[in-house]
Amino acid sequence: MPQITVVEKYDRSGHRLTLEMECLRSCTLPSIAYGHKRCSQKHKIGPQEKFCNHYPPCRAVWARGEKITRFLGYDAGEMRRYEHSKKFNDTDKKYINRYPLIEDWGWDRSDCVREILAAGLPLPGKSSCFFCPSMKQPEILALKEQYPDLYRRAVALEDRAMPHLTSVKGLGRSYAWRERFGTAEGGPGPC
């Protein structure tokens, strides 16, 4: 496997900008809490695109009129995401998207877990923020129990946005995490 390059989002001043920092600064919740799906685009896909746009090997491939092969890890249980993504493949001028878990192996999440464990590797966590409004209640409770500091940070983020919320009640959209799952101490004060 090639070496993994970690890419991150930076603001105009060149400072690291996380979604958590952005939400705390603006006294809001992640956009998905309001029904918009911009988090992954802005904080995952966007930084990867920016890196590739400036990465000499990618630029050389595009200069030759060719495309980069990009591997996406959708599993066979995510057919809706897969079908949605495939709609854009033909019009993408820069990438050929491959979905090996689906197209080559037909693996769903349980197949992936089995193979990861068989290889003696630790299971990766969910690819979401610890304060994601899409988290299910068991995931929130597990976060609170296993990572209390992250849970406190999520509730602090929610508390900071609370005075400005009109269309949602909190990170749970129709409820606030603090109200449903308990209190947390520390974190930034209200805006």
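Residues numbered from 1 in each chain as written. Predicted model: local features only at pLDDT ≥ 70, side-chain atom pairs only at ≥ 80, totals over all residues. Heavy atoms only, no water.

1. Examining the overall build of the protein chain
Helix and strand counts for the protein chain come out as nine helices and two strands. For the protein chain, the succession of helices and strands along the chain, N to C, is α-α-α-β-α-β-α-α-α-α-α. Sequence-distant contacts, at least 24 apart, represent 58% of the contacts inside the protein chain between residues at least 6 apart. By element, 55% of the accessible surface of the protein chain is carried by carbon and sulfur atoms, the whole surface being about 12,900 Å². (Helix = DSSP H or I, 4+ residues; strand = E, 2+ residues; numbered from the N terminus. Contact = heavy atoms within 4.5 Å. Areas by Shrake-Rupley, 256 points an atom, 1.4 Å probe, with all protein chains shown as cover.)

2. Observations regarding a positive patch on the surface
On the surface, Lys 37, Arg 80, Lys 136 and Arg 173 cluster together into a positively charged patch. Given the relative accessible area of 55%, Lys 136 is considered exposed. (Patch = residues over 30% accessible without salt bridge, like charges linked within 9 Å, V, L, I, M, F, W, Y side chains within 5 Å. Salt bridge = Lys/Arg side-chain N within 4 Å of Asp/Glu carboxyl O. Lys, Arg positive; Asp, Glu negative; His and termini not counted. Charge placed at Lys NZ, Arg CZ, Asp CG, Glu CD. Buried < 20%, exposed > 50% of the residue type's maximum accessible area, 1.4 Å probe, protein only.)

3. Structural notes on helix α2 (residues 39-54)
End to end, α2 covers 22 Å across 16 residues, agreeing with the expected 22 Å (1.5 Å per residue, within 8%). Taken as a whole, α2 carries its principal kink of about 40 degrees at Ile 45; the proline Pro 47 stands between one and four residues after it. The set of residues buried in α2 consists of Cys 39, His 43, Pro 47 and Cys 52. Buried residues belonging to α2 abut α1 (19-26), α3 (56-63) and β2 (95-98). (Expected span 1.5 Å × (residues − 1). Bend = angle between axes of the 7 residues up to and from the residue.)

4. Looking at the environment of Leu 101
As for its position among the elements, Leu 101 is in helix α5 (residues 100-103). Among the residues examined, Leu 101 registers a relative accessible area of 15% and is labelled buried. Separated by 45 residues in the primary sequence, Leu 101 and Gln 146 place their C-alpha atoms 29 Å from one another. Not counting chain neighbours up to four residues away, the residues in contact with Leu 101 comprise Gly 73, Tyr 74, Asp 75, Gly 106, Trp 107 and Cys 112.

5. Here we look at the state of the cysteines
One way to say it: the disulfide is the covalent bond shared by the sulfur atoms of two cysteines. According to the stated counting rule, one finds zero disulfides in the structure shown. With no disulfide of its own, Cys 58 lies closest to Cys 52 among cysteine sulfurs, the gap being 4.1 Å. Of the residues examined, Cys 58 reaches a relative accessible area of 7% and is grouped as buried. Lacking any disulfide linkage, Cys 132 is separated from the closest cysteine sulfur, that of Cys 129, by 6.6 Å. In this structure Cys 132 comes out as buried when scored by relative accessible area, which is 14%. (Disulfide = S-S within 2.5 Å.)

6. Quick word on the pairing of β2
Only one face of β2 is buried: it carries Tyr 95 and Asn 97, and the other face, with Ile 96 and Arg 98, is open. Across four bridges, strand β1 (residues 68-71) lies against β2 in parallel orientation. From the neighbouring strand, Thr 69 faces β2, where its bridge partner is Ile 96. (Pairing = 2+ DSSP bridges.)

7. Here we look at unusual backbone geometry
Positioned with a positive phi, Cys 27 is a non-glycine residue whose angle comes to about 55 degrees. Within the chain, Arg 173 stands out as a residue other than glycine whose phi angle is a positive 65 degrees. Mapped onto the fold, Arg 173 is located in the loop between α8 (148-161) and α9 (177-181). What makes Arg 173 partly exposed here is its relative accessible area of 32%.

8. Description of the pattern of salt bridges
Under the defined criterion, the tally for this structure stands at 15 salt bridges. When the shortest N-O distance is used, the salt bridge between Arg 64 and Glu 66 registers 3.2 Å. Through salt bridges with shared partners, one network takes in Glu 49, Arg 70, Asp 92 and Lys 94.

9. A closer look at the nonpolar core
One finds Leu 29, Phe 131, Ile 140, Tyr 151, Leu 157, Leu 171 and Trp 177 to be the most contacted residues of the largest nonpolar core, which totals 24 residues. Contributing elements (two or more residues each) for this core: α1, α7 (137-146), α8 and α9. When residues of this core are assigned to their parent elements, the largest contribution, five residues, is made by α8. Apart from residues lying up to four places away in sequence, Tyr 151 is in contact with Ile 140, Leu 143, Lys 144, Trp 177, Arg 178, Phe 181, Gly 182 and Thr 183. Listed in part, the six residues of the second largest apolar core include Cys 52, Cys 58, Ile 68 and Tyr 95. (Core = buried A, V, L, I, M, F, W, Y, C linked by side-chain atoms within 4.5 Å.)

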